[in-house]
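# Architecture and fold: a report
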Amino acid sequence: MKNQSTTTPEVDMPVVNVAHGQARLFTPTARQWGSMILLSTAVCAVAILAGTHKIPLGNAAIVLMPVLWAVLMGAVIGVQKVRPMSGQSRAVASVLLNVSIVMFLGALGTQVGPSFAKLSSLGPAILLQEVGHIFGTVIIALPVGVALGMGRTAIGATWAIDRESYLAYALQRFGVKSPVYRGVFSVWLLGSVFGAVFISLLAGLLGGMGIFDPTRLRWRWAWASARDP
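This report concerns the structure included in the present document. Per chain, residue numbering runs from 1 following the sequence as it is written. In keeping with the model being predicted, local features are shown solely for residues with a pLDDT of at least 70 and side-chain atom pairs are shown and tallied solely at 80 or more, while totals for entire chains, interfaces and linings include all residues. Values reported for side chains reflect all heavy atoms of the structure, with hydrogen atoms and water molecules removed beforehand.

Here we come to the pairing of strand S3 (residues 53-57). The criterion for strand pairing is that DSSP finds at least two bridges linking the strands in question. Every helix listed is a DSSP run of H or I at least four residues long, and every strand listed is a run of E at least two residues long, numbered separately from the N terminus. Where S3 lies against strand S4 (residues 60-64), five bridges are found, and the strand directions are antiparallel. Directly across from Leu57, in S4, lies its bridge partner Ala60. Adjacent in sequence and paired antiparallel, S3 and S4 are bridged by two residues, among which Gly58 carries a positive phi angle near 65°.

Right under this line is the structure:
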């Protein structure tokens, strides 16, 4: 007769755990899956309940969004020494990150279709934005990153604007421990924490100066200017 085990049942899904530079497969237990799911859900719930806050600064305002609270709480949980996270828990969290990004992109994709028709009204503005992305990241930032000795991390940090879709691709293609993914995630993190604050402040300051007319960004801006100078 086989002995019955009293340990927590394991979920048949091998996960890669990287410790001390060596990768090995292990099968997380149901308790490990459950604890990480509950922890991530609690962080998201607290961030959403904290809500969005605006700090007015003259004509501008600093906008603090829920993603900022989630990133800060995740950073505190990751570096705290009271109850440090094990390597296995971090490996499970990496898998959950992969799944959550795919779900997020799926939800984001459902909003692309209804908004696709609005691209025609943007005209050259959206084209100039993409040119700026390529020029600023690939042509300027990539050589600087290579010159600083960042190696493949520079590729991940400068191949695009490094938003959620690029984060998902790097995670699937290169893995969570790869230099390319570290570069993508670093830029995404800086953009989420500091970029949103900077852009909200810059947009408020420039908009309050009254020197820019957003209607001139339409594709018919030249024609409108000729009729109504």
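After that view of the structure, there is still more to cover.
Turning to the environment of Val71, a few remarks are in order. Within the secondary structure, Val71 is located in helix H2 (residues 66-79). Between the alpha carbons of Val71 and Ser192 there is a distance of 8.2 Å; along the sequence they are 121 residues apart. With residues up to four places along the chain from it excluded, the contact list for Val71 reads Trp188, Leu189 and Val193. Any pair of residues with heavy atoms lying within 4.5 Å of one another is described as a contacting pair.

Packing of helix H1 (residues 30-50) against H2 brings their axes to within 8 Å, and their N-to-C directions diverge by 140°. In terms of orientation, H1 lies oblique with respect to H2. In this structure, the crossing between H1 and H2 has a hand that is right-handed. Contact with H1, carried on its side by Leu39, Val43, Val46, Ala47, Ile48 and Ala50, involves Pro66, Trp69, Ala70, Met73 and Ile77 of H2 and no other residues of that element. Between the N-to-C directions of two axes lies an angle of 0 to 180 degrees, each axis being a line fitted to C-alpha atoms and, for a helix, fitted only over the stretch in contact. In these notes the angle categories are as follows: under 35 degrees is roughly parallel, over 145 is roughly antiparallel, 65 to 115 is roughly perpendicular, and the rest is oblique. Whether a crossing is left-handed or right-handed is set by the direction in which the near helix is turned from the far one by less than a right angle, anticlockwise for left-handed and clockwise for right-handed.

Moving on, we come to a nonpolar patch on the surface. A cluster of nonpolar side chains, contributed by Ile134, Phe135, Val138, Ile139, Ile140, Val144, Leu148 and Met150, occupies part of the molecular surface with about 740 Å² of accessible area. Inspection of the secondary structure assignment puts Val144 in helix H6 (residues 124-147). Whether a residue is buried, partly exposed or exposed follows from its accessible area with a 1.4 Å probe, protein chains only, as a fraction of its type maximum: under 20%, in between, or over 50%, in that order. A relative accessible area of 47% means that Val144 is categorised as partly exposed. Without a salt bridge and with relative accessible area above 30%, a residue can belong to a patch; like charges are then joined within 9 Å and nonpolar side chains (Val, Leu, Ile, Met, Phe, Trp, Tyr) within 5 Å. Surface exposure here means Shrake-Rupley accessible area, sampled with a 1.4 Å probe, where a residue is shielded only by the protein chains that are shown. A pair is scored as a salt bridge if a Lys or Arg side-chain nitrogen falls within 4 Å of a carboxyl oxygen belonging to Asp or Glu.

This paragraph deals with the packing of aromatic side chains. Think of it this way: a Phe, Tyr or Trp ring, Trp meaning its six-membered ring, pairs with another when their centres are within 6.5 Å, and the plane angle makes it stacked under 30 degrees, edge-to-face over 60, tilted otherwise. Under the defined criterion, the tally for this structure stands at six aromatic pairs. A centroid spacing of 6.3 Å and a plane angle of 55° characterise the contact between Trp159 and Tyr166, whose relative ring orientation is tilted. Ring geometry for Tyr169 against Phe174: centres 6.4 Å apart, planes inclined by 80°, an arrangement best described as edge-to-face. Owing to a relative accessible area of 45%, Tyr169 belongs among the partly exposed residues under this scheme. Classification of Phe174 by relative accessible area gives partly exposed; the value is 30%. An aromatic cluster is defined as three or more aromatic residues linked by ring pairs; in this entry it consists of Trp159, Tyr166, Tyr169 and Phe174.

Between H1 and helix H3 (residues 87-109), the least distance of the axes is 10 Å, while the angle of their chain directions is 65°. Two packed elements cross with a definite hand, and for H1 against H3 that hand is right-handed. Along the contact surface, H1 presents Gln32, Trp33, Met36 and Ile37, while H3 presents Gln88, Ser89, Val92, Ala93, Val95 and Leu96. In terms of residue class, the contact of H1 with H3 is built from seven nonpolar, three polar and no charged. Gly is put with the polar residues, along with every residue not named as nonpolar or charged; the nonpolar set is Ala, Val, Leu, Ile, Met, Phe, Trp, Tyr, Cys and Pro, and the charged set is Asp, Glu, Lys and Arg.

For the rest of this paragraph, the subject is the side chain of Ser178. Secondary-structure assignment places Ser178 in the loop between helix H8 (164-173) and helix H9 (179-209). Of the polar contacts made by the side chain of Ser178, one reaches the backbone nitrogen of Tyr181; its length is 3.2 Å. Polar contact is defined as a pair of N or O atoms within 3.5 Å, subject to the rule that within protein one atom must be able to donate a hydrogen and the other to accept it, and that residues adjacent in sequence are counted only when both atoms are side-chain atoms.

Lys and Arg are tallied as positive, Asp and Glu as negative. Neither His nor the chain termini are counted. Charge placement uses NZ in Lys and CZ in Arg. For Asp and Glu, CG and CD serve respectively. The grouping of Lys81, Arg90, Lys177 and Arg182 at the surface amounts to a positive patch. Positionally, Arg90 belongs in helix H3. On the basis of relative accessible area, Arg90 is assigned to the partly exposed category, the value being 40%.

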